[in-house]
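# Report on the structure
Given next are the chains, with one letter for each unit.
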Amino acid sequence: MRCLVFLLFVALANAKVYERCEWARVLKNYGMDGYRGISLADWVCLSHRESNYNTAAINPYNTDGSIDYGIFQINSRWWCNNGVTPTSNGCNIRCSELLTDNVRVAINCAKRVVRDPQGIGAWVAWRNHCKNRNLSSYVAGCGL
Ligand SMILES: *[C@@H]1O[C@H](CO)[C@@H](O)[C@H](O)[C@H]1NC(C)=O
């Protein structure tokens, strides 16, 4: 039991929950503001609705058996390989790489996702909660 708790600690040790403006700054530093015409506020809204800014977020409840990973909740059927879901692995990564505080991998994969024709519309949470909304509050007070 103690061993299990320790392993859990190690597994979670490099996960991170961002604060809103902190995450907005990281996104901006990685060139996400205006990437493919998508505003910083859209990315922040998307991350808030998908993961609450938590790099360790996992959703195993998709009806097709696929799993969503990380701060952008990227899907194992299309974008990453978890060793279980049949995948096209469009980002050419292991899904576990989307769960760490090294967000470079997740951000590069999100960029890959929006280069497809549906763009940011690939994310259901963005369509349902961010699209055609006033998102100014997502970057308000961040000094960006
Ligand atoms: C969006 O909301 C902000 C803050 O409530 C407001 O100042 C701004 O005028 C709104 N923008 C639009 C286009 O409605």
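Residues numbered from 1 in each chain as written. Predicted model: local features only at pLDDT ≥ 70, side-chain atom pairs only at ≥ 80, totals over all residues. Heavy atoms only, no water.

- Going by the annotation in an unreviewed UniProt entry, the name recorded for the protein is lysozyme, with Perca flavescens given as the source organism.
- What the UniProt record of the protein gives under Sequence similarities (unreviewed entry) is the line "Belongs to the glycosyl hydrolase 22 family." (UniProt positions renumbered as here; feature names shortened; annotations may be inferred.)

## Here we look at the packing of aromatic side chains
- As enumerated under the stated definition, the model contains 5 aromatic pairs in all.
- Relative to F72, the ring of W43 has its centre 5.9 Å away and its plane inclined at 75°; by these criteria the two rings are edge-to-face. Taken together, the residues W43 in helix α3 (residues 40-51) and F72 in the loop between β2 (68-69) and β3 (74-75) connect sequence positions 29 residues apart.
- Owing to a relative accessible area of 0%, W43 belongs among the buried residues under this scheme. (Phe/Tyr/Trp six-rings, centres within 6.5 Å; stacked < 30°, edge-to-face > 60°. Helix = DSSP H or I, 4+ residues; strand = E, 2+ residues; numbered from the N terminus. Buried < 20%, exposed > 50% of the residue type's maximum accessible area, 1.4 Å probe, protein only.)

## Focus on the state of the cysteines
- In total, this model carries 4 disulfides according to the counting rule given.
- Two residues, C45 and C130, share a disulfide whose sulfurs are 2.0 Å apart. With the S-S bond torsion at -90°, the cross-link from C45 to C130 turns out left-handed. A residue pair is termed long-range when its members are at least 10 positions apart, and C45 in helix α3 and C130 in the segment after α5 (124-129) qualify at 85 residues. The two residues C45 and C130 agree in class, both being buried.
- The side chain of C91 participates in a disulfide bridge whose partner is C109; the two sulfur atoms lie 2.0 Å from each other. Because the sign of the S-S torsion sets the handedness, a value of about 90° for the bond joining C91 and C109 places this disulfide among the right-handed ones. Note that C91 is positioned in the loop between β3 and α4 (104-114) and C109 in helix α4, a separation of 18 residues in sequence.
- On the basis of relative accessible area, C109 is assigned to the buried category, the value being 2%. (Disulfide = S-S within 2.5 Å.)

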